[in-house]
Amino acid sequence: MAIERTFSMIKPDATARNLTGKIVAKLEDAGLRVVASKRIHMSLAQAEAFYAVHKGRPFYEELTKQMSAGPVVVQVLEGENAILKNREVMGATNPANAAEGTIRKEFALSIGENSAHGSDAPETAAEEIAFWFSKTEIVG
Ligand code: DAT
Ligand code: MG
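Residues numbered from 1 in each chain as written. Chains lettered and ligands numbered in written order. Predicted model: local features only at pLDDT ≥ 70, side-chain atom pairs only at ≥ 80, totals over all residues. Heavy atoms only, no water.

All chains considered together, the criterion is met by five aromatic pairs. Summarising the aromatic geometry, the rings of Phe50 and Phe131 are spaced 5.5 Å apart at their centres and angled 65° between planes, so their arrangement reads as edge-to-face. Of the two residues, Phe50 is situated in helix H3 (residues 44-50) and Phe131 in helix H7 (residues 122-132); the sequence distance between them amounts to 81 residues. Given the relative accessible area of 9%, Phe50 is considered buried. With relative accessibility at 34%, the residue Phe131 sits in the partly exposed group. (Phe/Tyr/Trp six-rings, centres within 6.5 Å; stacked < 30°, edge-to-face > 60°. Helix = DSSP H or I, 4+ residues; strand = E, 2+ residues; numbered from the N terminus. Buried < 20%, exposed > 50% of the residue type's maximum accessible area, 1.4 Å probe, protein only.)

Before going further, it helps to examine the pattern of salt bridges. Applying the stated criterion to the full structure yields five salt bridges. Across the pair Glu78 and Arg5 runs a salt bridge, and its minimum N-O distance is 2.8 Å. Of this pair, Glu78 sits in strand S3 (residues 72-80) while Arg5 sits in strand S1 (residues 3-10); the two residues are 73 residues apart in sequence, bridging distant segments of the chain. When the shortest N-O distance is used, the salt bridge between Glu106 and Lys26 registers 3.0 Å. (Salt bridge = Lys/Arg side-chain N within 4 Å of Asp/Glu carboxyl O.)

The strand order S2-S3-S1-S4 describes an open sheet built from four strands, whose pairing is antiparallel. A strand with exactly one partner marks an edge of an open sheet, and here the two such strands are strand S2 (33-40) and strand S4 (116-118). Recorded for the sheet is a direction-independent mean angle of 20° between the axes of neighbouring strands. With three bridges connecting them, S1 and S4 associate as antiparallel partners. Opposite Ser8, over in S4, you have Gly118 as the bridge partner. (Pairing = 2+ DSSP bridges. Axes fitted to C-alpha atoms, helices over the stretch in contact; angles between N-to-C directions.)

So, on to the UniProt feature "active site" (unreviewed entry) in the protein. When the UniProt feature table is mapped to this numbering, "active site" (unreviewed entry) covers His117. Here His117 shows up in strand S4. (UniProt positions renumbered as here; feature names shortened; annotations may be inferred.)

In the vicinity of ligand 1, the residues found are Lys11, His54, Phe59, Leu63, Arg87, Thr93, Arg104, Ile111, Gly112 and Asn114. In the environment of ligand 1, an oxygen atom lies 3.0 Å from a nitrogen or oxygen atom belonging to the side chain of Lys11. A distance of 3.1 Å is found between an oxygen atom of ligand 1 and a side-chain nitrogen or oxygen belonging to His54. Relative to its unbound accessible area of 520 Å², ligand 1 is 77% covered by the protein chains. Here the shell around ligand 1 is built from residues that sort into three nonpolar, four polar and three charged. (Near = heavy atom within 4 Å. Polar contact = N/O pair within 3.5 Å; in protein donor to acceptor, adjacent residues only side chain to side chain. Areas by Shrake-Rupley, 256 points an atom, 1.4 Å probe, with all protein chains shown as cover. Nonpolar A, V, L, I, M, F, W, Y, C, P; charged D, E, K, R; others polar.)

Below, the discussion takes up the nonpolar core. Proteins that are soluble and globular tend to have nonpolar side chains buried together. Among the nonpolar cores identified, the biggest contains 19 residues, and Phe7, Met9, Met42, Met67, Val74, Trp132 and Phe133 are the most heavily contacted of them. Within the residue set of this core, elements represented by two or more residues are S1, S2, H3, helix H4 (60-67), S3 and H7. Setting aside its immediate chain neighbours within four residues, Phe133 contacts Phe7, Ala36, Ser37, Lys38, Val74, Gln75, Val76 and Ile138. Formed by 15 residues, the second largest nonpolar core is a distinct cluster that contains Ala14, Leu32, Val73 and Val89. (Core = buried A, V, L, I, M, F, W, Y, C linked by side-chain atoms within 4.5 Å. Contact = heavy atoms within 4.5 Å.)

Set out below in structure tokens:
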């Protein structure tokens, strides 16, 4: 299996409840390594650009408002099969469907305020990493 990099974000609902460490611990316990990390407060325009793939969906406005409403922690994770592994540790988008022990099962408040983001494929991982990080900020 290949060593991959993926993009991860701890969302405003989670930073507001001081859950950053608990979420990172779950990722690290699964064998993922944080090779870049920063806390930022994105603008509405940045949220709209980052989530442009969802433009036109009924939840787009709520989503972009929530993502720019408070600080987030953006991260690059590295490890075996990191893209899928991160998605597994996060759990299903809707916390009602998330498996026991996952980030969203334990911490998410709702389908919108679901505590974590993770890239869903190699192409989106590369795009999302490049959206938030320069090459020199990633230290493997
Ligand atoms: P994921 O974050 O699991 O990749 P997604 O890409 O389908 O899910 O959607 C991006 C985010 O948009 C998701 O984390 C929360 C929000 N969202 C998705 N579907 C929603 C819905 N039906 N109602 C409210 N928010 C939703
Ligand atoms: Mg997604």
